[in-house]
Protein chains: 2
Amino acid sequence: MTDNVEKYTISQFTEEVPNIIEDLVTREVPLTIILNNQELVTLLCSPANLDCLAIGFLFAEGLISNKSEIKKITIDGQRGVIRISTEEGTEFAHELLFKRLITSACGRGAAFYTAADAQHPSKIESQIVISPKEVYSLVEKFSYHSQVFKTTGGVHSAALSDIHNILVFYDDLGRHNAIDKVFGHCILTGIPTEDHVVLTSGRTPSEMVLKVAKGKVPILISISAPTDLGVRLANDLGVTLIGFVRNKRMNVYTNGWRVVTDGR
Amino acid sequence: MTDNVEKYTISQFTEEVPNIIEDLVTREVPLTIILNNQELVTLLCSPANLDCLAIGFLFAEGLISNKSEIKKITIDGQRGVIRISTEEGTEFAHELLFKRLITSACGRGAAFYTAADAQHPSKIESQIVISPKEVYSLVEKFSYHSQVFKTTGGVHSAALSDIHNILVFYDDLGRHNAIDKVFGHCILTGIPTEDHVVLTSGRTPSEMVLKVAKGKVPILISISAPTDLGVRLANDLGVTLIGFVRNKRMNVYTNGWRVVTDGR
């Protein structure tokens, strides 16, 4: 965790009175992803778990779908560069470089809304269900994890869980990065995401829903608000979208049939 | 405001009990910017003030610097397309399309960290000063504006102010969009940004500091946290970076000489 924060000497004012104190500030580093010798993108991110981030990013962009496609990963942490070679070679990267989609609510370029809608994930049919109690309990565990890491006020968290327990947890400056780290971890370690749950501390605009749908995750739980495009996509893609989970209250926006209140 | 929200029928649970209610959800629309007949980028954003957003985006990317360069703006709101022609023609757009920088904390592609560091803004020398009382008062006014618009929990706000009053206020799904709308508005209406203050509801990682420095704004006030790269850039670029302004407390991270406690 210490890697993720940096000490600064700052003036902290109370009313009019300044105090010189040492404060912890979240670190932000650039990470350039070079895919098959072609510079793809530079992400700004928290410095930990860069391999998970890069692999999760490539997964979200539809450039890899599983570990077997990855031939080699080399990280130069000092220079902020990660080199990844895949079986497929460079063919799709080129198209990607020509498209920039900048997302609103916490942007991450994705080709989803372009003509190349071939990337659109198929509808999720998972029959998994969850009870409100299980949602509240998961969010409580998630928030506990988040608290542990939230020393600087500057990070978002994401997790993969089953309906009972948090399995993978990451935080990052960016909530997109946090989710990419979760998926990257799952790909690198072979944890399946189908029939699982993703939790995020951030909002759920369209591209968060798309990220989760790409991983075939049927249930997306957020502490915060969705957007209308996020709601419509979740509806169409078969994702159960749950938001504003706070103090044993929650909003179920789409595919509410997966939320069951009676005993199963 | 009604344009920025959409009604949805959702299940709101309290404990185990669902209630079918109508809820307001923030709208999210794609906006494709076509600069000199060349598709530049698709932003996801709140649907209002798309001209300000597009112009502010082009300004932040270094593609325009003032209103006189803009020959024509045509908005097709239905299709989410804005066409802008400039005097300069297409020459820089091409390079931009080849670089993707995806920012962590709420991404917005910018060419800042690439080899093309020619875009780097020069150090801000403005001698404007501000007192803690003035900061608290501005944040109070800013928060009041934000409250008015914050019906859905899903927006960020940004404003331009002098040391006493909010002059320009926008909100958007994305805090980058909100800031771009502020700068776009200033460019389109001829409001100067030098010697002024920018307020943001969001965090201040590096690219927020760069955006503000590009507009020659000497003081950046955030309700939330910076990152270390944001702090370092603000220091180098002569920006007074103030964060965590809450309940008459605040942190001054850089260029604290602009914060004066005694009478001027």
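Residues numbered from 1 in each chain as written. Chains lettered and ligands numbered in written order. Predicted model: local features only at pLDDT ≥ 70, side-chain atom pairs only at ≥ 80, totals over all residues. Heavy atoms only, no water.

A.B. asks: Teacher, can you tell me more about the overall build of chain A here?
C.D. replies: Within chain A, the secondary structure is distributed over 6 helices and 13 strands. Looking at chain A as shown, the accessible area adds up to about 10,200 Å², and 49% of this sits on carbon and sulfur atoms. (Helix = DSSP H or I, 4+ residues; strand = E, 2+ residues; numbered from the N terminus. Areas by Shrake-Rupley, 256 points an atom, 1.4 Å probe, with all protein chains shown as cover.)

A.B. asks: It is not clear to me how the environment of Thr9 of chain B should be interpreted in this structure. Could you clarify?
C.D. replies: Examined against the element boundaries, Thr9 of chain B turns out to sit in strand β1 (residues 5–14). Apart from residues no more than four positions distant in its own chain, Thr9 of chain B is found in contact with Ile20, Ile21 and Glu22 of chain B. (Contact = heavy atoms within 4.5 Å.)

A.B. asks: Looking at this structure, how should I read the packing of helix α5 (residues 206–214) of chain B against helix α6 (residues 228–237) of chain B?
C.D. replies: For any two helices packed against each other, one specifies the inter-axial angle together with the distance between the axes. Residues and elements named next belong to chain B. It is at 7 Å that the axes of α5 and α6 come closest, and there the two elements cross at 25°. Looking at the two axes, α5 sits roughly parallel to α6. From α5, Ser206, Val209, Leu210 and Ala213 reach across to α6, where they touch Leu229, Gly230, Leu233, Ala234 and Leu237. Residues belonging to the contact of α5 with α6 are distributed by class as follows: 7 nonpolar, 2 polar and no charged. (Axes fitted to C-alpha atoms, helices over the stretch in contact; angles between N-to-C directions. Parallel < 35°, antiparallel > 145°, perpendicular 65-115°, else oblique. Nonpolar A, V, L, I, M, F, W, Y, C, P; charged D, E, K, R; others polar.)

A.B. asks: Looking at this structure, I do not really get helix α1 (residues 50–60) of chain A. What am I missing?
C.D. replies: One full turn of an α-helix is made of 3.6 residues, so residues set three or four places apart face in the same direction. Burial of α1 of chain A is extensive: 10 of the 11 residues sit out of reach of the surface. Of the residues making up α1 of chain A, those classed as buried are Leu50, Cys52, Leu53, Ala54, Ile55, Gly56, Phe57, Leu58, Phe59 and Ala60 of chain A. (Buried < 20%, exposed > 50% of the residue type's maximum accessible area, 1.4 Å probe, protein only.)

A.B. asks: Help me understand the pairing of strand β9 (residues 166–172) of chain B in this model?
C.D. replies: Here is the key point about a regular strand: its side chains alternate between the two faces of the sheet. All names here are of chain B. Judged by how many residues are buried, β9 sits mostly within the fold: 6 of 7 residues are covered. Bridge count for strand β8 (residues 156–161) against β9 is 6 bridges, and the pairing is antiparallel. What sits directly across from Ser157, in β9, is Asp171. Between β8 and β9, which follow one another and run antiparallel, lie 4 residues. (Pairing = 2+ DSSP bridges.)

A.B. asks: Help me understand the side chain of Thr200 of chain B in this model?
C.D. replies: Residue and element names in this part refer to chain B. With respect to the secondary-structure elements, Thr200 resides in strand β10 (residues 197–200). For Thr200, a relative accessible area of 0% translates into the label buried. A distance of 2.9 Å separates a polar side-chain atom of Thr200 from the backbone nitrogen of Gly202. The contacts of Thr200, once residues within four sequence positions are left out, are Phe142, Ser157, Ala158, Arg175, Ile179, Met208, Leu220, Ile221, Ser222 and Ile223. (Polar contact = N/O pair within 3.5 Å; in protein donor to acceptor, adjacent residues only side chain to side chain.)

A.B. asks: Please explain the environment of Ile84 of chain A as it appears in this structure.
C.D. replies: By the secondary structure assignment, Ile84 of chain A is in strand β6 (residues 81–86). Here Ile84 of chain A is in contact with Ile33, Ile34, Leu35, Asn36, Ala54, Ile55, Leu58, Ile70, Lys72 and Ile73 of chain A, once residues within four sequence places are set aside.

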